[in-house]
Amino acid sequence: MRREYDFSKGVRGKFYRKGAELRLPIYLDPKLQSKLERIARRKGKDVSEIVNQWLRKDVELFEDLA
């Protein structure tokens, strides 16, 4: 690593995009991911659809408890 860097030709906000959404990566336990992939394949859906459906139900459950 250098002691100093020259930012005199840098451009502020070059990659800024107003309204851009940040999608957080979620890392699953490998065994759980394998099970979810099998379920998704059986249902003919994407793993993200299965996980979102599952999480929606759990969130509803927790909201009902509160």
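Rules and cut-offs
Each chain carries its own residue numbering, running from 1 in the direction its sequence is written. Thresholds applied to this predicted model are a pLDDT of at least 70 for local features of residues and 80 or more for the giving and counting of side-chain atom pairs; totals over whole chains, interfaces and linings are not thresholded and use all residues. By convention in this description, side-chain values take in all heavy atoms of the structure and omit both hydrogens and water. Both cavities and pockets are sets of points on a 1 Å grid over the protein atoms alone; in a cavity a 1.4 Å probe fits but cannot get out, in a pocket the set is open with protein on both sides within 12 Å along at least five of seven lines, and lining residues sit with an atom within 4 Å of a point. Grid points are joined across faces, edges and corners, and a volume is the space filled by probe spheres set on the points. Secondary structure elements follow DSSP: runs of H or I no shorter than four residues count as helices, runs of E no shorter than two count as strands, and numbering proceeds from the N terminus. Classes in brief: Ala, Val, Leu, Ile, Met, Phe, Trp, Tyr, Cys and Pro nonpolar; Asp, Glu, Lys and Arg charged; the others, Gly included, polar. Salt bridges are defined as contacts in which a side-chain nitrogen from Lys or Arg sits within 4 Å of a carboxyl oxygen from Asp or Glu. Only protein chains enter the accessibility calculation, which uses a 1.4 Å probe; a residue whose area is less than 20% of its type maximum is buried, one above 50% is exposed, and one in between is partly exposed. Nonpolar side chains (Val, Leu, Ile, Met, Phe, Trp, Tyr) are joined into patches within 5 Å and like charges within 9 Å, using only residues with over 30% relative accessible area and no salt bridge. Each accessible area is a Shrake-Rupley result for a 1.4 Å probe, and residues are judged covered by the shown protein chains and nothing else. Multiply 1.5 Å by the residue count of a helix minus one, and that product is the helix's expected span. For the purposes of these results, a polar contact is taken to be a pair of N or O atoms within 3.5 Å, where, inside protein, one atom must be able to donate a hydrogen and its partner to accept one; residues adjacent in sequence count only when each atom of the pair is a side-chain atom. Contacts are assigned to residue pairs that have any heavy atoms within 4.5 Å of one another.

A. Representation of the layout of surface pockets in the model. The calculated volume of the largest pocket comes to roughly 380 Å³. Around the largest pocket sit Arg-23, Leu-24, Ile-26, Leu-28, Gln-33, Glu-37, Val-47, Ser-48, Val-51, Asn-52 and Leu-55, which together line it. Those elements that place two or more of their residues in the lining of the largest pocket are helix H1 (30-43) and helix H2 (47-65). For the lining of the largest pocket, the element with the highest residue contribution is H2, accounting for 5 residues. Considering only residue class, the lining of the largest pocket consists of 6 nonpolar, 3 polar and 2 charged.

B. Structural detail: the pattern of salt bridges. For the structure shown, the criterion picks out 1 salt bridge. A salt bridge links Glu-21 to Arg-23, with the nearest nitrogen and oxygen atoms 3.8 Å apart. Judged by relative accessible area, which is 70%, Arg-23 ranks as exposed.

C. View of a nonpolar patch on the surface. A grouping of Met-1, Tyr-5 and Phe-7 is seen on the molecular surface, where their side chains present a nonpolar patch of about 490 Å² in accessible area. Of note, Met-1 is situated in the segment before H1.

D. Here's a closer look at the environment of Pro-30. Along the chain, Pro-30 turns up in helix H1. With 13 residues separating them along the chain, Pro-30 and Arg-17 place their C-alpha atoms 34 Å apart.

E. Expanded view of H1. Its 14 residues give H1 an end-to-end C-alpha distance of 20 Å, which sits within 8% of 20 Å, the value for a rise of 1.5 Å per residue. Between a side-chain oxygen at the N-terminus of H1 and the backbone nitrogen of Lys-31 the separation is 3.2 Å; the capping residue is Asp-29. Just past H1, the residue Gly-44 takes up positive phi, approximately 70°.

F. Examining the environment of Ile-50 more closely. With respect to the helices, strands and loops of the structure, Ile-50 is situated in helix H2. With a relative accessible area of 8%, Ile-50 lands in the buried category. Note: C-alpha distance between Ile-50 and Tyr-27 (23 residues apart in sequence) is 15 Å. Discounting chain neighbours no more than four positions away, the residues touching Ile-50 are Leu-36, Ile-39, Ala-40, Lys-43 and Lys-45.

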